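Each chain, written out:
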Amino acid sequence: MERVCFTFQLKPGTEAEYKRRHDEIWPELVAAIRDAGISNYSLFRRGLQVIAYCECEPDAATAFATVGATDVNRRWAEWFEDTIEALVDEQGNLFWADEVWHLD
């Protein structure tokens, strides 16, 4: 299992809409996330910054590639294009944060 954290920025003025959409998350997306091996997934927001944490089996690369290949993930990502500044960098990579300490 690999623990990961990444961040991204919301567009100004979209904070409430971003939250509202997650309050109504699609069950088929939740299923695709779980089926891909992603669990203990949380999103936190501070101002316009969103901090995401999750645990991936067997690893983040495999889990994110699996969910990323689904149609439901594509549709969800398209729906959020009006709220997110940039989810990935110029090379298509998430803005990963390095783990510096962990306590079980």
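Structure: see above.
An account of the accompanying structure is given in this report. (Residues numbered from 1 in each chain as written. Predicted model: local features only at pLDDT ≥ 70, side-chain atom pairs only at ≥ 80, totals over all residues. Heavy atoms only, no water.)

1. So, the environment of Pro58
Locating Pro58 in the fold gives a position in the loop between β3 (49-56) and α3 (60-68). Residues Pro58 and Ile38, spaced 20 residues apart in sequence, show a C-alpha to C-alpha distance of 9.1 Å. In contact with Pro58, other than residues within four places in its own chain, are Met1 and Glu2. (Helix = DSSP H or I, 4+ residues; strand = E, 2+ residues; numbered from the N terminus. Contact = heavy atoms within 4.5 Å.)

2. Topic: the side chain of Arg21
Looking at the secondary structure, you find Arg21 in helix α1 (residues 15-23). Since its relative accessible area comes to 6%, Arg21 is described here as buried. Within the structure, Arg21 has its side chain in polar contact with the side chain of Glu17 (distance 2.7 Å). Leaving out residues up to four positions away in the same chain, Arg21 has contacts with Trp76, Trp79, Phe80, Asp82 and Thr83. (Buried < 20%, exposed > 50% of the residue type's maximum accessible area, 1.4 Å probe, protein only. Polar contact = N/O pair within 3.5 Å; in protein donor to acceptor, adjacent residues only side chain to side chain.)

3. Quick look at α3
Burial in α3 covers these residues: Ala60, Ala63, Phe64 and Val67. Buried positions in α3, seen along its axis, are confined to an arc of 90° and lie on one side of it. Considering only its buried residues, α3 is in contact with β1 (2-10), α2 (27-35), β2 (38-46), β3, α4 (71-79) and β5 (95-97). (Arc of directions from axis to C-beta.)

4. Quick look at the packing of α2 against α4
Orientation of α2 relative to α4, taken along the N-to-C sense of each, is 120°, at an axis distance of 9 Å. When the interaxial angle is binned, α2 and α4 end up oblique. You can see that α2 and α4 cross each other, and the crossing is left-handed. On α4, the residues touching Glu28, Leu29 and Ala32 of α2 are Val72, Asn73, Arg75 and Trp76. Its residues assigned to classes, the contact of α2 with α4 comprises four nonpolar, one polar and two charged. (Axes fitted to C-alpha atoms, helices over the stretch in contact; angles between N-to-C directions. Parallel < 35°, antiparallel > 145°, perpendicular 65-115°, else oblique. Left-handed = near helix turned anticlockwise from the far one by under 90°. Nonpolar A, V, L, I, M, F, W, Y, C, P; charged D, E, K, R; others polar.)

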